[in-house]
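Commentary on secondary and tertiary structure
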Amino acid sequence: MLVIGFPTGALQANCFVLATGAGEACVVVDPGQDAAEPIAEALREHRLSPVAVLLTHGHFDHSFSVAPVCDGNDIPAWIHPDDRELLSDPLKGISAESRSFFGGNLEMREPREVRELADGAELDLAGLRLTVDHTPGHTGGSVMFRAGTEEGGRLVLSGDTLFAGSIGRTDLPGGNHREMLTSLRTKVLTLADDTVVLPGHGPTTTIGRERAGNPFLLGLGSPDAPAAPHRGL
């Protein structure tokens, strides 16, 4: 599998391009702020043809470029229905501080074609088989995408559900700390230790590394496990 990743925008949200190899079809995951040109460069360099954009959640730092990328390539965007409204009204999902930073005005629109994700759905896109896990907590419509590789490895695009050494914040509109703990218990800690994690911010990690050392996972035995520090929005 070919995986191309790079941070985008002021909040350095990770965007990923996935394909079975160079010269093939691909999917784009989380095209955030200022992502359109780096994506276009990656497509040219590796001779890739995009067939879909996948969104781990609706926050603008992960979805700001979804309309130009989708409409410019005549491809659909996939998002969980609980976050779909954020594509056309991004201010609903951000903090008061972030809202004031943007002067109370942050314009986005849906792409021409939007398809909705469901928990447990299997997506066959660009020769890749991706499993959708609904992981509410950071937002109501947060999801992760799981995939296998021809080499036998496993990876998960965790969005802002899981980071290296941390988890997504739950204090924003649509966030829910108890739902996040449930998602971590039932959707993250059930994954194999050798699963490679491609997170929404920060460096790549593995489930095994996070299970052993992530303080927010180690504390999951208590219903009052600590909330994550502010990261991103």
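For the structure itself, consult the block above.
This write-up is about the structure you can find in this document. Everything numeric in this text was worked out from a predicted model, so none of it was measured. (Residues numbered from 1 in each chain as written. Predicted model: local features only at pLDDT ≥ 70, side-chain atom pairs only at ≥ 80, totals over all residues. Heavy atoms only, no water.)

1. Observations regarding the sheet that holds strand 9 (residues 143-148)
Strand order in this open sheet of six strands is 7-8-9-10-13-14, and the pairing throughout is mixed. Strand pairing shows two members of the sheet lacking a second neighbour, strand 7 (122-125) and strand 14 (205-206), which therefore form its edges. Of the strand pairs in this sheet, strand 7 and strand 8 (residues 128-134) are connected by four bridges, and their pairing is antiparallel. Paired with L125 across the two strands is L128, which belongs to strand 8. (Pairing = 2+ DSSP bridges. Helix = DSSP H or I, 4+ residues; strand = E, 2+ residues; numbered from the N terminus.)

2. A look at helix 5 (residues 177-188)
Restricting attention to buried positions, one finds in helix 5 the residues M180, L181, S183, L184, K187 and V188. Contacts made by the buried residues of helix 5 are with strand 8, strand 9, strand 11 (162-163), strand 12 (166-167), helix 6 (207-213) and helix 7 (215-218). Two or three places before R178, at the opening of helix 5, N176 has a side-chain oxygen 3.1 Å from that residue's backbone nitrogen. (Buried < 20%, exposed > 50% of the residue type's maximum accessible area, 1.4 Å probe, protein only. Contact = heavy atoms within 4.5 Å. Polar contact = N/O pair within 3.5 Å; in protein donor to acceptor, adjacent residues only side chain to side chain.)

3. A word on the sheet that holds strand 3 (residues 25-29)
Strand order across the open sheet formed by six strands is 1-2-3-4-5-6, with mixed pairing between neighbours. On the outer flanks of this sheet lie strand 1 (2-8) and strand 6 (114-116), each paired with one strand and no other. When strand polarity is set aside, the average angle formed by the axes of neighbouring strands in this sheet is 25°. Relative to strand 2 (residues 13-19), strand 1 is paired through seven bridges, and the arrangement is antiparallel. In the strand pairing of strand 2, F6 is matched with C15. Here helix 1 (residues 36-46) sits on the sheet in contact with strand 1, strand 2, strand 3 and strand 4 (49-54), set at roughly 155° to strand 1. Where helix 3 (residues 66-73) meets the sheet, it contacts strand 4 and strand 5 (77-79), and its direction lies at approximately 145° from that of strand 4. (Axes fitted to C-alpha atoms, helices over the stretch in contact; angles between N-to-C directions.)

4. A short note on helix 1
Where helix 1 is concerned, the buried positions are I39, A42, L43 and H46. One side of helix 1 holds all its buried residues, which, seen down the axis, span an arc of 100°. The exposed residues of helix 1 that point more than 90 degrees off its buried face are R44 and E45. For helix 1, the elements touching its buried residues are strand 1, strand 2, strand 3, strand 4 and helix 3. Among the residues trailing helix 1, R47 stands out with phi positive, at a value near 55°. (Arc of directions from axis to C-beta.)

5. Describing the nonpolar core
One finds V17, I39, L48, V53 and V66 to be the most contacted residues of the largest nonpolar core, which totals 22 residues. At the level of secondary structure, the elements contributing two or more residues to this core comprise strand 1, strand 2, strand 3, helix 1, helix 3 and strand 5. For V66, the residues in contact, after removing those within four places along its chain, are P31, V53, L55, A77, L87 and P111. Counting 20 residues, the second-largest nonpolar core is a separate cluster that includes L123, L128, F145 and A147. (Core = buried A, V, L, I, M, F, W, Y, C linked by side-chain atoms within 4.5 Å.)

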